[in-house]
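Overview (structure and organization)
Letter by letter, the chains look like this.
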Amino acid sequence: MRHLLDIVDLSVEEIDALIETAEDIIKRPQHYADSCRGKKLATLFFEPSTRTRLSFEAAMYELGGNVIGFSSAASSSVAKGETVGDTIRVVSHFADIIAMRHPYAGAPLAAVQKTLVPIINAGDGEHCHPTQTLADLLTIHRQYGSFENLTVGVCGDLKYGRTVHSLIEAMIRYKGTRFVLISPEELRLPEYIKNTLTKSGMEWTETTSLEDAMPELDILYMTRVQGERFADKAEYERLKDSYTLTPDKLCSAKATLSVMHPLPRVNEISVKVDDDPRACYFKQVENGKYVRMALILKLLAEKEKPFDYITEGALLNVYKCRNRNCITTQCASPDQIFLPSGDGYRCAYCAHYGMG
Ligand code: CP
């Protein structure tokens, strides 16, 4: 059946259609108020969340459906040692669709192998966060009316920031996009996404200076340094305040700039920026609910469509993934799957190259 694990699971045409549905929901919410009557969404959050979980739940209620689930692994039988696969298999008897968040990259793909209902990835480790990207895209569309010819600065933790990974994978498909990658050396974008950028033929540059990049940007996408992903807490302490956006730094920015952030923020954006008309991060939150409503409708309507995660040339149970944050290093049961990507084999769960 149809799932959403990664933003590239959706074609550009499908994203356009989701944006169109979300914009229609904004215009006439009453038209959708009974669309999911009798349906249940399960929100399975093995990792903390405010926006994503509550916006999924609000989305399902506004479609006339109901919600079950848990907001932490500690309050589920995971605390007794249950695997992701077993948890999903069980819950898929109780719900029509599942939105899940997990601290390990690739957990939603492990879930897909056991589920009886559609799975939505609500964020998996440092890997990706496709529904945040849908919220970001709806925000960009409402700001500019298009996705073309935009210069996007992504700033902060580009190594562990899953929202950035998904945003880049989405935006490289639009004509005239340019990316400026702004981060400390230690938090640069993973190699596999840089290779995707290079292969796409789009223009991109790397810098450590937010001030130098500012004047050319149409979008500034700030991110939090993801403390929960660091093995070395001292390194997190050293890097956590690498960038703070303050009103004075916006003096050199375009009047039409959009300042975005997936939230939660810590120190990356001063609260003094909140009243600047260019601040869009609370609009992203609002848009997240509408686009998740559109996504729930789409996946429930396409339950019978096939989802192929093992493509031609895949290596099955030949090598093991070496990424310590990959679900396959935590759970014995999912198959080890490496897929050819044009620049080497990559783990199907976490997208990393390392195999051994
Ligand atoms: N943007 C985002 O994923 O926020 P939460 O962690 O609060 O869900």
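What you are looking at is a predicted structure, and each value in this text was computed from that prediction instead of being measured. (Residues numbered from 1 in each chain as written. Predicted model: local features only at pLDDT ≥ 70, side-chain atom pairs only at ≥ 80, totals over all residues. Heavy atoms only, no water.)

Observations concerning the nonpolar core
The following threshold applies: As used in this record, nonpolar core signifies buried Ala, Val, Leu, Ile, Met, Phe, Trp, Tyr and Cys residues forming a set joined through side-chain atoms within 4.5 Å. Using a 1.4 Å probe on the protein chains alone, a residue whose accessible area is under 20% of its type maximum counts as buried, one over 50% counts as exposed, and one in between counts as partly exposed. Helix and strand definitions here come from DSSP, where helices need a minimum of 4 consecutive H or I residues and strands a minimum of 2 consecutive E residues; each element is numbered from the N-terminal end. Residues are treated as being in contact if the distance between any of their heavy atoms lies within 4.5 Å.
Judged by nonpolar contacts, the single largest core of 59 residues is most densely connected at Leu-134, Val-154, Ile-168, Phe-179 and Ile-296. Broken down by element, this core gets its largest block of residues, nine residues, from helix 10 (residues 281-301). Discounting chain neighbours no more than four positions away, the residues touching Val-154 are Val-164, Leu-167, Phe-179, Val-180, Leu-181, Ile-182 and Tyr-221. Among the nonpolar cores identified, the runner-up in size contains 32 residues, and Phe-70, Leu-109, Ala-110 and Leu-339 belong to it.

What about the packing of aromatic side chains?
As a reminder of what qualifies: Between the rings of Phe, Tyr and Trp (Trp by its six-membered ring), a pair exists once the centres lie within 6.5 Å; its type follows the angle of the planes, with under 30 degrees stacked, over 60 edge-to-face, and the other angles tilted. By definition here, charges over rings are those cases where NZ of Lys or CZ of Arg is within 6 Å of the ring centre and within 35 degrees of the ring normal.
One pass over the structure, following the stated rule, counts five aromatic pairs. Chaining the aromatic ring pairs together yields one cluster made of Tyr-160, Phe-230 and Tyr-236. Above the ring of Phe-56, the side-chain terminus of Arg-292 is found at 5.2 Å from the ring centroid.

Structural notes on the site of the ligand
Selection rule: Being near a molecule or strand, for a residue, comes down to having at least one heavy atom within 4 Å of it. Nitrogen and oxygen atoms within 3.5 Å of one another constitute a polar contact, given that in protein one can donate a hydrogen and the other can accept it, and given that sequence-neighbouring residues count only through two side-chain atoms. Each accessible area is a Shrake-Rupley result for a 1.4 Å probe, and residues are judged covered by the shown protein chains and nothing else. Under the convention adopted here, Pro, Cys and the residues Ala, Val, Leu, Ile, Met, Phe, Trp and Tyr are nonpolar, Asp, Glu, Lys and Arg are charged, and Gly plus all remaining residues are polar.
Looking at the ligand, the residues that line it are Ser-49, Thr-50, Arg-51, Thr-52, Arg-101, His-129, Gln-132, Pro-262 and Leu-263. One of the side-chain N or O atoms of Arg-101 is found 2.8 Å from an oxygen atom in the ligand. A distance of 2.9 Å is found between a nitrogen atom of the ligand and a backbone nitrogen or oxygen belonging to Pro-262. Here the ligand has 260 Å² of accessible area as a free molecule, and 91% of this is covered by the chains. Residues that form the shell around the ligand fall into these classes: two nonpolar, five polar and two charged.

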